Every structure is written in structure tokens, then in C-alpha cells.
Amino acid sequence: MKIIVKDNYSEMSKLAASVIADLVRKKPDCVLGLATGATPIGTYHELARLHREEGLDFSKVRTFNLDEYLGISMDLTLPYEMDQSYARFMHEELFKKINIKKKNAHVPYGLATDPDKYCKEYEKMIADAGGLDLQLLGIGGDGHIGFNEPGSSFDSRTRVEHLNQKSIDDNYEAFYKKAGVSKEEMPKKAITMGVATIMEAKSLLMIVSGIGKADIIQKALEGPVTTQITASAIQTFKRDVTVILDKPAASKLKKL
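What counts, and at which threshold
Residues numbered from 1 in each chain as written. Predicted model: local features only at pLDDT ≥ 70, side-chain atom pairs only at ≥ 80, totals over all residues. Heavy atoms only, no water. Pairing = 2+ DSSP bridges. Helix = DSSP H or I, 4+ residues; strand = E, 2+ residues; numbered from the N terminus. Phe/Tyr/Trp six-rings, centres within 6.5 Å; stacked < 30°, edge-to-face > 60°. Buried < 20%, exposed > 50% of the residue type's maximum accessible area, 1.4 Å probe, protein only. Axes fitted to C-alpha atoms, helices over the stretch in contact; angles between N-to-C directions. Contact = heavy atoms within 4.5 Å.

Engineer: Help me understand the sheet that holds strand β5 (residues 105–106), please; the structure alone is not making it clear to me.
Structural biologist: Overall, parallel pairing links the seven strands, which are arranged β1-β10-β9-β6-β2-β3-β5 in an open sheet. Strand pairing shows two members of the sheet lacking a second neighbour, β1 (2–6) and β5, which therefore form its edges.

The structure is reproduced here in C-alpha cells:
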């Protein structure tokens, strides 16, 4: 595992974008696993800049997002702050700013009429694409990756997951509160890639920012491998793992 510490969020984001950009240049038809949340926004904006100013070409790239709320999907008729779907997030923060083909950008469909069947189809779509060349990851406040909540099996595949209270609280503060949506109204379930799905990627790139994540990233990277912190599964990853942290997030690590 390669752990890189940068001075701040901006530098962390630029380095993460450069890792992804290098793969896109090397393998123009690469398959990227993408994440949502506040942390990757800087990375996505830098990728958009590289496309706009340096011609980084996404025309053959295929992407699969980690997760989406169940019961919600992008509605372009709504203002961004009112539509809190991850599909909308990806459209606004990245997809509309690069030349990726719509058919190649996959976010789990939150309005699937048969979610369990759809989850199996999503797994097949990833497999049919040749698997993920790189999976971008963040980490939740309780150590989850995707929406693999504490206790999720390391053998888990794409599935419907019931969100725990920590995830509900964190996502409410980050997204729904500003939209004027009550906590009772926000989704309580999500479709998520499983831990095993994520671990089948050819490489992992985790980005973590801020003092608020310092304790959990120390546990995930240096503590016991446990399903109670699903991000700790990356300690068992046999291929290429890069973790990029800013200094606040890295401040509790003991083995740097």
C-alpha cells in the first residue's frame, strides 16, 4: 500500500486527478469506478480542467459509480440543491464537463422496480466491461466504503443496503439539510457495490481529507481488518493501492 500525504485538500485532489488522468492516457478505454460525496469534488473539477485545457479524452472511458439512494434518480427539471441523487451529483460535478458518452457513464438506478434483480444486472455490467481498472474511494465517518455499512461481509456483492444512523446523519448534514428536506423524508436505503465487488478492481485509489476523518482512517489503515470498518478491507488488497491524504487526515497515523 502506498500512502501519500499532501499539504492540503487542493494538492490531494490534484494528485488524485493526475493518477486517474495517467490511466486514461495510458488506456483510453479504461473502466473507472467512481465515488460521490464532498471529498472527490476537487478531483472531479481537476479532471474537468484537464479535459478543458489539456484535451484529456474521456470519449472511450466507461464509469460505474459505487452507489445510489434507493427510491431516487436524477431529475434535471429540479435545481441541483433539490435533487440529491448521486446521478445528479455526478452529472453536475463531472459528466457534463467532460466528453464522456452518456451510455458509458453508469450510476445505479435508484428507481429500479426490482432492485435485487437490478443489483445482479449491475454486477454483470461491470463484469461485461472487463472489470474495474481503478476504483476511486472515500471513507465514511464510521469507516464504510460505498454504502457497505459496519458489519457488511467482505464477500458482499452489489445489493440493497439499509443505511445506519451515522450515514443518515452525515448525509443529511452534507446534502439534504440545505435542500430543506427533513431527515424523516430522506432515503434510508441505497444500492451499493459490495466489498467483494470493490476488491475485484485492478487498482484502488482512496482519498481522504480533513481532521474529522483522522481517527477512522488510522483505524482503517493501521487497525485490525474487521467488517466493522469495511474500509479496512483494503489492507488485504493484493494489487495496487494508493491512499492520498491531506495532512489533517493523516495526523493520527502512527506508521508513516
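Structure's up, so let's keep going.
Engineer: Honestly, the packing of aromatic side chains in this entry has me stumped. Any pointers?
Structural biologist: For the coordinates displayed, the defined rule picks out five aromatic pairs. Aromatic side chains F64 and Y122 sit 5.8 Å apart centroid to centroid with 80° between the ring planes, which places their arrangement in the edge-to-face category. Of the two residues, F64 is situated in strand β3 (residues 62–65) and Y122 in helix α4 (residues 115–128); the sequence distance between them amounts to 58 residues. Accessibility expressed as a relative area gives 2% for F64, which makes it buried. Each ring, one from Y86 and one from F147, has its centre 6.2 Å from the other, and the planes form 10°; the classification is stacked. Highlighted residues: Y86 in helix α3 (residues 86–93) and F147 in the loop between β6 (134–137) and β7 (159–162), separated in sequence by 61 residues. For Y86, a relative accessible area of 5% translates into the label buried. Among the aromatic residues, those joined into a cluster by ring pairs are F64, Y118 and Y122.

Engineer: Looking at this structure, I do not really get the sheet that holds strand β8 (residues 189–192). What am I missing?
Structural biologist: The strands that make up a sheet pair up through hydrogen bonds in the backbone, lying either parallel or antiparallel. Spatially, three strands are ordered β4-β8-β7 in an open sheet, and the strand pairing comes out antiparallel. The sheet is open, and its two borders are formed by β4 (67–69) and β7, each paired with just one other strand. Put simply, the sheet's adjacent strands are angled 30° from each other on average, direction ignored. Two elements, β4 and β8, share three bridges in a ladder whose sense is antiparallel. Residue pairing in the sheet places Y69 in a bridge with A190 of β8. Of the strands in this sheet, β7 and β8 are in contact with α4, which crosses β7 at around 125°.

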